[in-house]
Amino acid sequence: MTIQTVSTNKSYGGVQGVYRHASQATGTDMVFSVYVPPHADGAKLPVVWYLSGLTCTHANVTEKGEFRKACAELGLIFVAPDTSPRGPDVPGDPNNAYDFGLGAGFYVDATQEPFARNYRMWSYVTDELPKLVAGHFPVDAKRQSIMGHSMGGHGALTVALRNPHRYRAASAFAPIVAPSVVPWGIKALTGYLGPNKDAWRSHDTVALIEDGAKFSSFLVDVGEADNFLKEQLKPELLETACSKAGIPLTLRRQPGYDHSYYFISTFMGDHLHWHAEKLKG
């Protein structure tokens, strides 16, 4: 598995890189970013995976996330994939809507045509990309954690719940915790997985917890001024599900903050320090 270096820049003593490779999972070229902090030769470092939200690519968090200073201090590799396959032959939303198709893969393996051939983001972020990163960067495969924003928060929490022995920590900014009951999720899950709602449950954080999935603990931040809070995010559903299941949840409602990277960058350091504690040893 080979990669092409798109760019590298020194930052806080480490290297911020952007890379491209031919993905077998999606059948397209995929671009991702990796920040490697300063480290001793031969050292293996813990890795934090970051899944982005609707309309985003790897570039949004790479350019706006303000994670590099904390990652350099804590010795964390930070990996940011794209949110969907890209390319002229990749089908998108027929009406060019922002919440389905290109930029909105929802971290599932689509089963419905014409999306099944390319929209295999679950396989990409849980299997193909981790193997690729492990082959090219000094990662400690036994010390991994995952986080994300909005659609990517949905992805991070579901990935963690379905792979609890792989990830030591999982956190999210403004996650879509119950996509089966909100407009963004209903549209995406219907389009990618079909109308049978039973098939949606393995990609719904609240449903997974209701069905018995467990994880050690979650850290979640939401902004009280987030325009999507009541209709699309519904963090109270996660709070109820975790309480009933006995899963420790730190849910912080941040006054005045919205859905943007101003919000994410403000609390990124908190999340990375929390992850670093879980990734020790």
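Everything below is about the structure shown above.
Definitions and limits used
- Residues numbered from 1 in each chain as written.
- Predicted model: local features only at pLDDT ≥ 70, side-chain atom pairs only at ≥ 80, totals over all residues.
- Heavy atoms only, no water.
- Buried < 20%, exposed > 50% of the residue type's maximum accessible area, 1.4 Å probe, protein only.
- Helix = DSSP H or I, 4+ residues; strand = E, 2+ residues; numbered from the N terminus.
- Pairing = 2+ DSSP bridges.
- Contact = heavy atoms within 4.5 Å.
- Core = buried A, V, L, I, M, F, W, Y, C linked by side-chain atoms within 4.5 Å.
- Phe/Tyr/Trp six-rings, centres within 6.5 Å; stacked < 30°, edge-to-face > 60°.
- Lys NZ or Arg CZ within 6 Å of the ring centre and 35° of its normal.
- 1 Å grid on protein atoms, 1.4 Å probe; cavity = no way out; pocket = protein on both sides within 12 Å on 5 of 7 lines; lining within 4 Å.
- Points joined across faces, edges and corners; volume = space filled by probe spheres on them.
- Nonpolar A, V, L, I, M, F, W, Y, C, P; charged D, E, K, R; others polar.

S.K.: How do you make sense of the pairing of strand E8 (residues 218-223) when you look at a structure like this?
M.R.: Looking along a regular strand, one sees side chains alternate from face to face of the sheet. Taken across its 6 residues, E8 has 6 buried, putting it largely inside the fold. Where strand E7 (residues 167-173) lies against E8, 4 bridges are found, and the strand directions are parallel. Bridge pairing in E8 links phenylalanine 173 to aspartate 221. Where E8 and strand E9 (residues 249-254) come together, 6 bridges link them in parallel fashion. Paired with valine 222 across the two strands is arginine 253, which belongs to E9.

S.K.: Please clarify how the environment of glycine 101 should be interpreted in this entry.
M.R.: Examined against the element boundaries, glycine 101 turns out to sit in the loop between strand E5 (77-80) and helix H3 (121-136). On a C-alpha basis, the gap between glycine 101 and leucine 54 in space is 9.8 Å, while along the polypeptide they are 47 residues apart. Discounting residues that sit within four places of it in the chain, glycine 101 has contacts with Ser84, Gly92, Asp93, Tyr119 and Tyr192.

S.K.: Would you mind showing me how to read the environment of tyrosine 257 here?
M.R.: On the secondary structure map, tyrosine 257 appears in the loop between E9 and helix H9 (261-278). Once the C-alpha coordinates of tyrosine 257 and asparagine 227 are considered, the two residues, 30 residues apart in sequence, prove to be 9.9 Å apart. Among all residues touching tyrosine 257, those that are not within four sequence positions of it are Gly223, Glu224, Ala225, Asp226, Tyr262, Phe263, Thr266 and Phe267.

S.K.: Could you clarify how one ought to interpret the nonpolar core in this entry?
M.R.: As a rule of thumb, nonpolar side chains are buried together in soluble globular proteins. Grouped together as the largest cluster of nonpolar side chains are 89 residues, with contacts concentrated most on Phe78, Tyr192, Met268 and Leu272. Setting aside residues no more than four positions away along its own chain, leucine 272 makes contact with Val48, Phe67, Ala70, Cys71, Leu74, Leu76, Phe78 and Met147.

S.K.: Even after reading the chapter, I still don't get the packing of aromatic side chains, so can you show me in this structure?
M.R.: We describe a pair of aromatic rings using the distance from one ring centre to the other and the angle between the two ring planes. Per the stated rule, a full pass over the model turns up 16 aromatic pairs. When the centroid spacing of 5.6 Å and the interplanar angle of 80° are considered together, the rings of phenylalanine 115 and tyrosine 119 count as edge-to-face. A relative accessible area of 0% places tyrosine 119 in the buried class. Ring centres of tyrosine 257 and phenylalanine 263 lie 6.3 Å apart, and the angle between their planes is 45°; on these two criteria the pair is classed as tilted. Take tyrosine 257: its relative accessible area is 28%, and that puts it in the partly exposed class. The exposure class assigned to phenylalanine 263 is buried, which follows from its relative accessible area of 0%. Members of the aromatic cluster, joined through ring pairs, are Tyr35, Tyr50, Phe67 and Phe78. Positioned above the aromatic ring of phenylalanine 67 is the side chain of arginine 68, whose terminal nitrogen or guanidinium carbon lies 4.8 Å from the ring centre. Here arginine 162 stacks its cationic end above the ring of tryptophan 122, 4.0 Å away from the centre of that ring.

S.K.: How do you make sense of the layout of surface pockets when you look at a structure like this?
M.R.: With a probe scaled to a water molecule rolled over the atoms, the places where space remains empty come into view. In this model, the largest pocket occupies a volume close to 280 Å³. The wall of the largest pocket is formed by 17 residues, among which Cys56, His149, His259, Ser260 and Tyr261 lie closest to the centre. Mapped onto the lining of the largest pocket, the elements with two or more residues apiece are helix H1 (58-64) and H9. Here the lining of the largest pocket takes 3 residues from H9, the largest share from any one element. For the lining of the largest pocket, a count of residues per class yields 7 nonpolar, 8 polar and 2 charged. Here the second largest pocket is characterised by a volume of approximately 200 Å³. Lining the second largest pocket, in full, are Met1, Thr2, His21, Ala22, Gln24, Ala25, Ser123, Asp127, Glu128, Lys131 and Leu132.

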